[in-house]
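# Working through the structure, step by step
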Amino acid sequence: MATACPPLSLPSTSLLRGRAGPRRRQLSAVRCSAVGEAVAEEASVGTAVEPLLVSAIRGKKVERPPVWLMRQAGSETGLEFVGLLLEVTIEGFRQCLVSYQLLCERYPKFRERSENVDLVVEISLQPWKVFKPDGVILFSDILTPLPGMNIPFDIVKGKGPVIYDPLRTAAAVNEVREFVPEEWVPYVGQALNLLRQEVKNEAAVLGFVGAPFTLASYCVEGGSSKNFTMIKKMAFSEPTILHNLLQKFTTSMANYIRYQADNGAQAVQIFDSWATELSPADFEEFSLPYLKQIVDSVRETHPSLPLILYASGSGGLLERLPLTGVDVVSLDWTVDMAEGRKRLGSNVAVQGNVDPGVLFGSKEFISKRIYDTVQKAGNVGHVLNLGHGIKVGTPEENVAHFFEVAKGIRY
Ligand code: CP3
């Protein structure tokens, strides 16, 4: 039986205006159906014309928030991820994970797995086959374009990304080439096309890129960093060098977004994972203008491509994030969803923001947190997600529960 959740306590003004089109009525409650229950509804689900996720981002009336999850992305626990695969409890999921494990054994290097079109398609589709999320993200990495920009790198088990020759001088930055995706990552375009064929419009195929500051932080630091001293040394003593590098990433990532869209990506997420290491004033100098430039430049050629911005730990920067011009800001769980909505303003949709740690809780607790997040986000322009990727050790049955509950929701 469908249960009525407490009424939404959001501003009655339309949450989203602007580019994405007119906004609809605000419903007063979310109907939280019991898991697995069919709920008759009048509002649209994903159609042959447009996936649910894209409709929601555009501020259209949808029957429930679209939902997708990122597998672990930028965590330092790749090896354990493989360990996790052995403790599975759900048969379909188990088979997928075991097949991923076999792939990892056969292709032990992340770059091998992520730069081969067949493997990229197969791995990207694994969560889709089991959970039918509303978004299917390309299996790749924000660092994948680096070799094409003359920046050799690898992802080393237990260590994370390694940039062999960190960029620390004007001469080194001068050697960085502009990225030509067709030439360097044709497998990305091919994989996106194949994903579109496979997924049809039952889910949105999602591309992604790294933001200039985040990419620069890997390249200047030489890999993952705790204190970001190298990039800050450059920013605060030789800013021109850093600005040159940021500009190269900006032009290249704008092109890469276009390439992904031309090959089938229906929305593109920009990860500025480390922007929140910057003070607000430094964010305004070293990140915001470049993000804005990417968005403006993509809009010129692809005006209706939805762009999502993710910056982990972005509570201190929230008001500044919509200034980039993106369609969606993805929140992590350290921000209350209702407060986040107010602070972001009415021109932007929101994604998130359940704590990935909640998936270690009881099923009842997981359900409660999902409903709470959905109510606080309101019934327009919300993409339900975790505040970051799934954590290593997350019980798979809880991931399944997350999707079942989320897909049973009706506004
Ligand atoms: O659901 C998915 O398939 C997500 C695809 C994805 C990956 N990386 C795959 C990946 C995405 C969206 C990313 C983005 C990414 N990569 C970010 C931004 C997101 C965030 O977490 O803030 C960052 C900062 C990176 C850089 C990066 N890549 C790190 C720090 C690591 C971990 C290295 C390690 O040894 O664990 C990676 C590798 C990586 N990229 C993995 C995955 C699944 C884990 C390694 C593996 O599976 O072999």
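The text that follows walks through the structure, step by step, so that each part is easy to find. (Residues numbered from 1 in each chain as written. Predicted model: local features only at pLDDT ≥ 70, side-chain atom pairs only at ≥ 80, totals over all residues. Heavy atoms only, no water.)

### Re the overall build of the protein chain
Counting its regular elements, the protein chain contains 16 helices and 12 strands. Burial status across the protein chain gives 56% buried among its 411 residues. Long-range contacts, defined as pairs at least 24 residues apart, comprise 73% of the intrachain contacts of the protein chain with a sequence gap of at least 6. Summed over all atoms, the accessible surface of the protein chain reaches about 16,200 Å², with 54% contributed by carbon and sulfur. (Helix = DSSP H or I, 4+ residues; strand = E, 2+ residues; numbered from the N terminus. Buried < 20%, exposed > 50% of the residue type's maximum accessible area, 1.4 Å probe, protein only. Contact = heavy atoms within 4.5 Å. Areas by Shrake-Rupley, 256 points an atom, 1.4 Å probe, with all protein chains shown as cover.)

### Digging into the nonpolar core
Judged by nonpolar contacts, the single largest core of 103 residues is most densely connected at Ile151, Phe249 and Ile257. Counting residues per element, this core draws most heavily on helix 11 (residues 239-262), which supplies 11 residues. Each residue touching isoleucine 151, except ones within four places of it in the same chain, is listed here: Leu146, Ile163, Leu167, Val176, Cys219 and Phe249. Listed in part, the 23 residues of the second largest apolar core include Val358, Ile370, Tyr371 and Leu386. (Core = buried A, V, L, I, M, F, W, Y, C linked by side-chain atoms within 4.5 Å.)

### Thoughts on unusual backbone geometry
Cis geometry marks the peptide bond from glycine 352 to asparagine 353; its omega dihedral reads -5°. Positionally, asparagine 353 belongs in strand 10 (residues 349-354). Of note in this structure, lysine 132 is not a glycine but carries a positive phi near 50°. Its location among the elements puts lysine 132 in the loop between helix 5 (117-131) and strand 3 (135-137). Accessibility expressed as a relative area gives 35% for lysine 132, which makes it partly exposed. Even without a glycine there, the phi angle at lysine 200 is positive, about 50°.

### Description of the packing of aromatic side chains
Here a ring pair, both rings aromatic, is described through the centre-centre distance and the interplanar angle of the planes. Taken as a whole and assessed by the stated rule, the structure comprises 9 aromatic pairs. With a centroid separation of 5.1 Å and an interplanar angle of 90°, the aromatic rings of phenylalanine 179 and tyrosine 256 are classed as edge-to-face. In this pair, phenylalanine 179 is assigned in the loop between helix 6 (170-174) and helix 7 (181-184) and tyrosine 256 in helix 11, connecting sequence segments 77 residues apart. We note that phenylalanine 179, like tyrosine 256, is buried. On the numbers, 5.4 Å between centres and 50° between planes, the contact of phenylalanine 228 with tryptophan 274 is tilted. Within this pair, whereas phenylalanine 228 is found in the loop between helix 9 (212-221) and helix 10 (229-237), its partner tryptophan 274 is found in the loop between strand 7 (267-271) and helix 12 (280-286), the two being separated by 46 residues in sequence. Phenylalanine 228 sits in the buried class, given a relative accessible area of 2%. We classify tryptophan 274 as partly exposed; its relative accessible area is 24%. Feature note: the residues Phe131, Phe402 and Phe403 constitute an aromatic cluster, connected by ring pairs. (Phe/Tyr/Trp six-rings, centres within 6.5 Å; stacked < 30°, edge-to-face > 60°.)

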